[in-house]
Amino acid sequence: MPLSPDLACRTLSAWVASAVGLMWLALGVGCAHNDPQNLPPSATTAAVEQHMGKPTMILPRPAAGSRWVFAKGPYGRHTWMLDMDASGRLESWHQALGEAQFSELPAGLDRDALLFRLGPPADKRARGLMPGEVWSYRYPTNNCLWFQVTLGPDHKVVDGSYGIDPRCDAPTKAGD
């Protein structure tokens, strides 16, 4: 017996929704483990790792303990910083990428301090003919921008500015 058009449409819609959901899960894009919001205060390193996965990097904190860095999200637009105390318990966490954090970057900050503040960049490039590098950070914004930090040959911040994210460029046709 053939399906009614209404039932066929609902069946197809349910199948597509299931397939899309499975694709998101396979890609690891589900929201449940992308951020630390559901972690209890004083969570252990084991609980953090179970919830968030392996950290992108672990950095020592100046006083004691460590900073666990999780570069997450589409195109690396979120970097969660989780500060662990000396006994391996969660003290605090924050999202490191945003205009407020970018505006607080002082010139002269060294590369290690920059990593401690913002985490790894989405892109690193040589400055062309000038010695040094440009580190580019994607961040949550509705504009098609990324924040770029210029590091001099001494690996210290020279300046920072916003630029057009190249992933936003529309593909061009051959011959344009």
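Residues numbered from 1 in each chain as written. Predicted model: local features only at pLDDT ≥ 70, side-chain atom pairs only at ≥ 80, totals over all residues. Heavy atoms only, no water.

**Q** Give me the lowdown on the packing of aromatic side chains, citing residues and values where you can.
**A** Within this structure, the stated rule accounts for 7 aromatic pairs. Here Trp80 and Trp93 contribute two aromatic rings whose centre-to-centre distance is 5.5 Å and whose plane-to-plane angle is 70°, an arrangement assigned as edge-to-face. Pair noted here: Trp80 is in strand β3 (residues 78–84) and Trp93 is in strand β4 (residues 90–95), with a separation of 13 residues, a long-range link. A relative accessible area of 8% places Trp80 in the buried class. According to the relative accessible area criterion, Trp93 is partly exposed, its value standing at 33%. (Phe/Tyr/Trp six-rings, centres within 6.5 Å; stacked < 30°, edge-to-face > 60°. Helix = DSSP H or I, 4+ residues; strand = E, 2+ residues; numbered from the N terminus. Buried < 20%, exposed > 50% of the residue type's maximum accessible area, 1.4 Å probe, protein only.)

**Q** Tell me about the sheet that holds strand β6 (residues 133–137), and please be specific about residues and values.
**A** On the basis of which strands lie adjacent, the open sheet formed by 4 strands has the order β5-β6-β7-β8 and antiparallel pairing. Each of the sheet's edge strands pairs with one partner strand only, and the pair in question is β5 (123–126) and β8 (157–164). Strand-to-strand twist in this sheet, taken as the mean axis angle between neighbours without regard to direction, amounts to 25°. With 4 bridges connecting them, β5 and β6 associate as antiparallel partners. Note that in β6 the partner of Arg125 across the bridge is Val134. Its contacts with the sheet put helix α4 (residues 111–118) on β6, β7 (145–151) and β8, and the angle it makes with β6 is roughly 5°. (Pairing = 2+ DSSP bridges. Axes fitted to C-alpha atoms, helices over the stretch in contact; angles between N-to-C directions. Contact = heavy atoms within 4.5 Å.)

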